[in-house]
Amino acid sequence: AYQGRFAEGVAALSRAIAEPAGLGVARSSGCLLIEFMFLANTPLREMELAVATIRNSPPDDRYGSIALAEALLAHRKGTCRGDCLRARSEIENWDARGGRLMAMCTAVKLGALALEHTRGKVPKWILDSLARARAASILRYLKWWTRAYAPHAQRLALDPVGASVLSDLVEADTEVWRIHVA
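It should be emphasised that the depicted structure is a prediction, and the values quoted were computed from it without experimental measurement. (Residues numbered from 1 in each chain as written. Predicted model: local features only at pLDDT ≥ 70, side-chain atom pairs only at ≥ 80, totals over all residues. Heavy atoms only, no water.)

Take unusual backbone geometry next. Not every positive phi belongs to a glycine, and asparagine 41 is a case in point at roughly 60 degrees. Mapped onto the secondary structure, asparagine 41 falls in the loop between helix H3 (26-40) and helix H4 (44-55). Backbone geometry at serine 137 places phi at a positive 60 degrees, although glycine is not the residue there. Relative to the helices and strands, serine 137 resides in the loop between helix H8 (124-135) and helix H9 (143-146). For serine 137, a relative accessible area of 54% corresponds to the exposed category. (Helix = DSSP H or I, 4+ residues; strand = E, 2+ residues; numbered from the N terminus. Buried < 20%, exposed > 50% of the residue type's maximum accessible area, 1.4 Å probe, protein only.)

Structure representation (structure tokens):
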């Protein structure tokens with residue numbers, strides 16, 4: 001995934017969730033599948049079928065929720081009107097339960113979606129999620145998600161935290177960010 005080979009990830013995980021009972025972690029694997037589908041620009045119908053499969057898998061809170069997968073589907077459909085922000089409560093739950101890495105990664109991903117619903121100043125929670133990911137040294141590993149922030153570089157630069165994170169984003173993924181901050 002780090003190399004952007006999302007279609008390969010979609011192929012592998014599609015097979016894995018076909019037998020959710022045997023897999024045992026169908027929800028977490030399925031949610032990763034939806035992320036890969038979103039990033040690979042997989043046709044909407046395939047994403048809808050995968051989300052339906054995940055919804056029908058046995059719930060297991062140890063492996064997270066499907067809130068981000070639902071938000072990604074809504075954004076792919078073009079029907080999200082800010083509903084994706086409900087996933088923030090799931091992020092807060094994970095963080096409170098000690099799942100800090102999962103919470104940080106999901107917050108950065110959700111922030112990329114949420115920027116589509118905001119104008120002007122970047123919301124503090126989005127800036128905080130980027131700052132936490134930077135402090136944990138994981139921005140580089142989230143490059144396919146942080147690239148969605150690139151069209152908002154000017155908005156990020158207006159805030160001291162955003163400007164600071166922006167320099168790390170440029171350093172972590174120069175090939176994309178140099179175009180947006182030049």
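Now, onward.
A separate point is the packing of H8 against helix H11 (residues 160-172). The contact between H8 and H11 brings their axes to 10 Å, and the two run at 40 degrees. Of the possible angle classes, the one that applies to H8 and H11 is oblique. Seen along the crossing, H8 lies across H11 with a hand that is left-handed. Note on element contacts: H11 touches H8 through Val161, Gly162, Ser164, Val165 and Asp168, opposite Leu127, Leu130, Ala131 and Arg134. (Axes fitted to C-alpha atoms, helices over the stretch in contact; angles between N-to-C directions. Parallel < 35°, antiparallel > 145°, perpendicular 65-115°, else oblique. Left-handed = near helix turned anticlockwise from the far one by under 90°. Contact = heavy atoms within 4.5 Å.)

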